[in-house]
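Below are the chains, spelled out letter by letter.
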Amino acid sequence: MGRRCLPFTFPSNVFNFARPAYCRRNKSKSLSALRDPGLFLFCAPPLAAASWARKKRRIPDAEKVVSFFSCFLRNSPLASHLVPPESLANPHFSHFLPSHPALSRISQLSCLFTKALRNIDLQVKRGSCHALLGENGAGKSTLMKVLTGIIAKDSGKILLNGEEVQIQSLRHAEELGIAIVPQELSFISYFTVAENIFYGEEPTRPLPLLIDWKKLYTACDEKLKELKIDLPSKMQAGKLNVSDQQMMVIARVLAKNANIIIMDEPTARLGHGEVTKLLKYIQYLKTCGKTIIYISHRLEEIFEICDTITVLRDGETIQTAPTSQMDSDKLINLMVNRQIKVNTTRTRKSSIGETVLSVKGLSKKGVLRDVSFEVHKGEILGMFGLVGAGRTEAVRAMLGVDRYDTAEIRLDSKPVVFKNIGQALAAGVALVPEERRKQGILPNTPIYKNVSICNLKALSRLGLIDKKKELEYAKHCTEILGVACSSVFQNVGNLSGGNQQKVVISKYIDRNIRVLILDEPTRGIDVGAKDQIYEIIEGLAQQGMAVIVISSEIPELQLMCDRICVMSQGKVTTVIDRSEFADSDNILRNAIGI
């Protein structure tokens, strides 16, 4: 049944009140997405005003409307009368409801989980910096999501000041004094520093509909001075450099009286001088009694500022010890600690031919440094690196998705410059992205449309798509890859993760693709489906296609690849041949950069 929609649209993140990330310009959604009647009637006028401001290309004004509206919801007693109780229960409203005072002291945090996280035991002392280490997929991010209420635990206990707590949401975690500074910073680029720091808690004038801007900027200057953070309160956040943006997010966390601060790879995108500045500030926070949980793969930083280290592996706590009792070799052994027997004689005949794609001197200020690699016909080249290593960034820059400063790219020995992903695809270089649901498929459309979308020209006649030919093409491609579905008319979003990935790959089966790049091809896929994906990748290589596999799992690369290109901090540290794959410690050591 079709849905009735109002004849205007506006940014989708306006609906997602729980996240302060309004400025994603290129996404829009109909008002029909707002299904709650009470919420719809109350939100429609200000959101329509935001839509009008956006259409007039007055993005900051649109955001002011939303900020103004949120301020009214928090402070006006009329809101509880105008909005029905069932609408106030809508989770989209929770971000704007009045908050409760956060706890001021945290002495210990204990966690014990089973299932996804098995036997996790983490004890953090007040006023310390506690490092959380582990290989990719060890469970660090999952644990932090549990501690901040983003996902729910299956079992176990979380103790805060000796008392058990049930963290219901990110908002609830902040009320308890637990906050996170994520690697991908979350802020509104068109808002000023002051608006971002006091977002949701702006001071108001006697008439509760208006923000007191003078008081807001004064309060921000005082808070920044108190926190010893040097930032211009009236500057737009988007105009700050990455280091200052990170300090702004830290200031926002501290302004909410957070006592346990989780920092996830905080130095991944910072230069040397900026890293030094941040580490000094973390030392200052410790002297103020703040507790830091520090997640990083840079061991030199761990040894410099952390008091205790906990190592996770495969969702379990392996060891917790004072930093003084650890060294680099011991930590790497604890993080990996597996004896891998790699079959150096392939089950498939590896026939590696001439160089198909070569990249030399790929650089982008602050992101990539002189990245060079090449892949041959019939070869599977693995790319490994830890968070922030620059693997995906290098591929995106090479394909023209992101800009780069310098590079020499050759395809079949001929120099090429891809201005966009379309040109790369036309030249025979295809990408299977990491975020397949966001970037690889159209989840609410049938399988046949997803499969044919990259080959419509060949399936069209006189500018019109030949439906019969399109269906036959889709059936042929899905049968080759063994996509398990009721029919090609089934929506892709209803398939399992493994079958969704097969649909993404099937788009390139009958095209003249010379180089196929797969970014985390088995993420979120069960073991059985992984084996099928491995077989597909090896089959494509046997047919003469050059394949690049970006993966965070060392065993996966050891199983499939002919060579592994290891990256660290935006540069290639080494390229490892298959005969050296058995030494997992060496691969991880090069990824860490030691």
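Here, the structure is the one placed above.
Student: Summarise the pattern of salt bridges; cite the residues concerned and give the values.
Tutor: This model, assessed by the stated rule, comprises nine salt bridges. Among the ionic pairs, Lys223 bridges to Glu226, the shortest N-O distance being 3.6 Å. Taken together, the residues Lys223 and Glu226, both in helix H8 (residues 213-227) and three residues apart, mark about one turn of the helix. We note a salt bridge from Arg391 to Glu520, for which the minimum N-O separation is 3.8 Å. Of the two residues, Arg391 is situated in helix H13 (residues 391-398) and Glu520 in the loop between strand E20 (515-519) and helix H19 (527-542); the sequence distance between them amounts to 129 residues. Across the pair, exposure class does not vary: Arg391 and Glu520 are buried alike.

Student: I'd like a description of H13, backed by residues and values.
Tutor: Taken together, the buried positions of H13 are Arg391, Ala394, Val395, Ala397 and Met398. Along the long axis of H13, the arc covered by the buried residues comes to 165°, so they all point the same way. Just beyond H13, the residue with positive phi is Gly400, at close to 85°.

Student: Account for the packing of aromatic side chains, with residues named and values stated.
Tutor: Applying the stated criterion across every chain, the model contains four aromatic pairs. Relative to Phe489, the ring of Tyr448 lies with its centre 5.4 Å away and its plane at 65°, an arrangement referred to as edge-to-face. Here the residue Tyr448 occupies a position in helix H16 (residues 447-452), and Phe489 occupies one in the loop between helix H17 (467-481) and helix H18 (497-506), the gap between them amounting to 41 residues. Exposure remark for Phe489: the relative accessible area of 48% places this residue in the partly exposed category. Lying over the aromatic face of Tyr217, Lys234 brings its terminal NZ or CZ to 5.4 Å of the ring centre.

Student: Could you give an account of the nonpolar core, with specific residues and numbers?
Tutor: Ranked by internal contacts, the top residues of the largest apolar core, which has 102 residues, are Tyr294 and Phe384. Looking at this core, the element that brings in the most residues is helix H9 (residues 242-255), giving eight residues. Listed in part, the 29 residues of the second largest apolar core include Leu381, Ala394, Ile517 and Cys565.

Conventions we followed
- Sequence positions are assigned chain by chain, starting from 1 and proceeding in written order.
- The model is predicted, so local features are restricted to residues of pLDDT at least 70 and side-chain atom pairs to those at 80 or more, both for listing and for counting; the totals for chains, interfaces and linings are taken over all residues.
- Note that the side-chain values use all heavy atoms of the structure and ignore hydrogens as well as water.
- Salt bridges are counted wherever a side-chain nitrogen of Lys or Arg sits within 4 Å of a carboxyl oxygen of Asp or Glu.
- The secondary structure listing takes helices from DSSP runs of H or I that are at least 4 residues long and strands from runs of E that are at least 2 residues long, numbered from the N terminus.
- Throughout, exposure labels follow a simple rule: accessible area from a 1.4 Å probe, protein chains only, divided by the maximum for the residue type, with under 20% read as buried, over 50% as exposed, and the rest as partly exposed.
- Each direction from the helix axis to a C-beta atom contributes to the arc, which is the arc of those directions.
- Geometry of aromatic contacts follows a simple scheme: Phe, Tyr and Trp rings, the Trp one being its six-membered ring, pair when their centres are within 6.5 Å, and the pair is stacked under 30 degrees between planes, edge-to-face over 60, tilted otherwise.
- Geometrically, a lysine NZ or arginine CZ counts as sitting over a ring once it is within 6 Å of the ring centre and also within 35 degrees of the ring normal.
- What makes a nonpolar core is a set of buried Ala, Val, Leu, Ile, Met, Phe, Trp, Tyr and Cys residues whose side-chain atoms join them at distances within 4.5 Å.

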